[in-house]
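So the chains spell out like this:
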Amino acid sequence: MRNPLIGSAYSEKPSNQESSSESSISDVDELLSLVKETEAAKDIYRNIEVLGAASKSDYGRIRGGLKDATGVNLNQLDAAVREAREEAEKRRKEEAREARREEVEAAGTPTVQVTGRPSSEVVDDLSAALEEANEPPRLFRREGEIVRHRTDEDGRVQVEEISHAWFDDFLSRCARCVNEEYQPHDPSQRLVERVVERVDLPPLRGITQVPLLRPDGTVFSDPGYDEDTCWLYHPDEEQDLDSIPAQPTTADVEEARELLLEAWWDHPFDGEASRSNMVGLALTPVVRPLLEGANVPLGIIDAPRAGSGKDLAGQIAALASTGQFPGTMSDPSTKSEWRKQITAQLVQGERFVLVSDVTGTIDNAPLRRVLTTPTWSDRILGATRQVRLPANVVWCATGNNLRPQGDMVRRCFLIRLDTKMQRPWTRSDFRHQQPQWTQEHCGELAGALLTLARAWIAAGQPDPDTPTLGSFEEWCRVVGGILQNAGFGDFLGNQDGLADTEFSEDDRWSLLLEAIHDWQREALNGEPFTARTLADRIEEYESSTDLIADSDISLDSDDSLIEPIVKHLPENIQHEVRRGKPFTQSLGKTFGWNEDRRFPNGWFLASEGKGREGTLWNVRSDDGEGGVGGESPKDSENLSSHRHERGKEAPF
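Residues numbered from 1 in each chain as written. Predicted model: local features only at pLDDT ≥ 70, side-chain atom pairs only at ≥ 80, totals over all residues. Heavy atoms only, no water.

A. Focus on the overall build of the protein. Helix and strand counts for the protein stand at 22 helices and 21 strands. Within the protein, the proportion of its 652 residues that are buried is 49%. A fraction of 72% describes how many contacts in the protein between residues 6 or more apart in sequence connect residues 24 or more apart. For the protein, the accessible area works out to roughly 31,300 Å², and carbon and sulfur atoms hold 45% of it. (Helix = DSSP H or I, 4+ residues; strand = E, 2+ residues; numbered from the N terminus. Buried < 20%, exposed > 50% of the residue type's maximum accessible area, 1.4 Å probe, protein only. Contact = heavy atoms within 4.5 Å. Areas by Shrake-Rupley, 256 points an atom, 1.4 Å probe, with all protein chains shown as cover.)

What follows is the structure, encoded as structure tokens:
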């Protein structure tokens, strides 16, 4: 409560010296001198601010003098001084707050009061400040996560998911967060997390270092974010890119074609099909927006010998079409490793990935899935959350005599190099020093690819007279149409070279089943067998061959029957065993995957029920061979006689 004596006309004794009391008093000593002259208590209260501003020691020093001079009630005076001090402190704080407010507003950064008001208003204001600061866009959303672009130490541009600390720091630079007194005050972590969910950021499909071809055929060539395609164009400052003609002439197309052929001049393609397929591989990242989420097959670059330039050919394609070297990964040994490495490449926003030096064959479920899905889902390594990422990557694998197997055959196209040399790595008669030449002409090569694409669009996008791959029809139409319009012939004309690998794998299975059938007929009298029975017999054979190698002992008849089985075992079984997987388990699973599948000469594996040691198998043929007298043991009177003595085996 305000002291009623402050500012009142209270006085113990009338005074004739009113003029003296009206004079300006600046400190306690002047006030004491005044009241000694006037002996008026009202002069104390009229100048109570002086006592309120005085230190406690100064007030204590003159307090008694004021009492002696005026007879003022000290209890009332003390209360008045306390109130004056509170009023002075309030004015000081208000002046300081106003000064801070003016300073904050003068800085030009949006000011957000983060305390003392509804949190929804705080979140809205922080989000608005961040959206204003994010123009032109530096932060984006990709499948729900906030990302930005970054350039690594090698100059490669990648997508990076930002951390909570990075976002917190960026937010603090977008707005000056204060409390009610305009003092700096960081928003709580809960508020920051709500801003992460609330803020409106542009979507990002990817980053390119070369101009972007839009679905309507126009070219986006201004550095920055393209709202039509949701791509960010972040060019290399050293690139020299000429303007792309909207209506390329025949001369423009021919010039672009010759430049692209020059890029792979030193690569010994085995024919026109491989050369056209190579240019098609380079075209694919450029025409991605035209494909509108369509699937893209795996490009396989192979050669009979190491040192033929397989990886270099892929690097040239990536540099020409994306402006940077491809993302790289080795040949993972397990499905789990394939899945993890695919996720890692997609998280970084790679546009072109080179799987280098694959040995023998290639076929695995994660790779098959990423080639035929627009969106990839997986769990982040070391975390519990799932991510969903656009699977808009061009995949390329290299290897010596690399061949796809099974369902991968129809998901690939072939680029084959053949130097016809025993030691290709000894070549020295190169026309260009690669990849340096491609790096120097990167902008021109990108322009050449865009010119070919625009020429096809200007011609009305004619359908090509080329082979079509199932599940990849749109890619075949667009890339094949561009190549045919530009004079590249025989695109996908060597697909039979890949299809032959499927037949050779089937032939291997046919030989394997025929060998198992001979062993089953001679050693088991045609009775069915379990995977454990066959696996144990193969392991015994391999142990005996080690002893025979050091002696003059020859193989017995049973070993002679096992030898062709070992020779024709599928590579996936051998691969699993090399990785330490139990042989019986690998063999049983492989049998289960191929049950009733027909192979050349009609051979197939038939399941004859379950025994104590697992599934009973019988090799049969559509020609009537297999089992006891060609009949299924299901028709035999005594199925129990087909049990073999071993420990218990899990059914496969």
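B. Layout of the pattern of salt bridges. A complete count under the given rule lists 31 salt bridges for this structure. One connected set of salt bridges, linked through shared partners, spans Asp29, Asp58 and Arg61. (Salt bridge = Lys/Arg side-chain N within 4 Å of Asp/Glu carboxyl O.)

C. Up close: the packing of aromatic side chains. Under the counting rule described, the total for this entry stands at 8 aromatic pairs. Aromatic side chains Trp166 and Phe170 sit 5.4 Å apart centroid to centroid with 10° between the ring planes, which places their arrangement in the stacked category. One end of the pair, Trp166, and the other, Phe170, are both in helix α8 (residues 164-174), 4 residues apart, so they sit about a helical turn from each other. With a centroid separation of 5.0 Å and an interplanar angle of 35°, the aromatic rings of Phe413 and Trp475 are classed as tilted. Here the residue Phe413 occupies a position in strand β19 (residues 412-416), and Trp475 occupies one in helix α17 (residues 473-485), the gap between them amounting to 62 residues. Grouping residues by exposure puts Phe413 and Trp475 together as buried. (Phe/Tyr/Trp six-rings, centres within 6.5 Å; stacked < 30°, edge-to-face > 60°.)

D. Structural detail: the nonpolar core. Counting residues in each nonpolar core, the largest one holds 56 residues, and the members touching the most others are Trp264, Met278, Leu281, Val287 and Trp475. Top element by residues in this core is helix α11 (residues 272-291). It accounts for 9 residues. Those residues in contact with Leu281, other than ones at most four positions away along the chain, are Ile301, Ala317, Phe352, Val394, Cys396, Phe413 and Ile415. If you look at the next biggest cluster of nonpolar residues, it comprises 27 residues, including Leu346, Val370, Leu371 and Val409. (Core = buried A, V, L, I, M, F, W, Y, C linked by side-chain atoms within 4.5 Å.)

E. Seen up close, the environment of Ile162. Looking at the element boundaries, Ile162 is found in the loop between β4 (157-161) and α8. Each C-alpha atom, one on Ile162 and one on His149, is 9.6 Å from the other, the two residues being 13 residues apart in sequence. If we ignore the near neighbours within four places in the chain, the residues touching Ile162 are Leu139, Ile146, Val147, Arg148 and Phe167.

F. Local environment of helix α13 (residues 335-347). Between its first and last C-alpha, α13 extends 18 Å over 13 residues, near the 18 Å set by a 1.5 Å rise per residue. Taken together, the buried positions of α13 are occupied by Trp338, Ile342, Thr343, Gln345 and Leu346. Down the axis of α13, the buried side of the element spans an arc of 160°, and every buried residue falls inside it. Gly349 lies just past α13 and shows a positive phi near 75°. (Expected span 1.5 Å × (residues − 1). Arc of directions from axis to C-beta.)

G. The arrangement of the confidence of the model for the protein in detail. Taken as a whole, the protein shows an average pLDDT of 83; of its residues, 86% reach a score of 70 or greater. Scored below 50 in pLDDT, residues 547-555 makes 7 contacts in the model with residues more than four places away or belonging to other chains. The model gives residues 627-652 a pLDDT under 50, and that stretch makes 64 contacts with residues more than four places away or in other chains. (pLDDT = per-residue confidence, 0-100.)

H. Quick look at the sheet that holds strand β3 (residues 145-151). Taken in spatial order, the 3 strands of this open sheet run β2-β3-β4, and their pairing is antiparallel. In this open sheet, the two edge strands, each paired with only one partner strand, are β2 (140-142) and β4. Taken pair by pair, the neighbouring strands of this sheet meet at an average axis angle of 50°, ignoring direction. Looking at chain direction, β3 and β4 are connected through 5 bridges and run antiparallel. Bridge pairing in β4 links His149 to Val159. (Pairing = 2+ DSSP bridges. Axes fitted to C-alpha atoms, helices over the stretch in contact; angles between N-to-C directions.)

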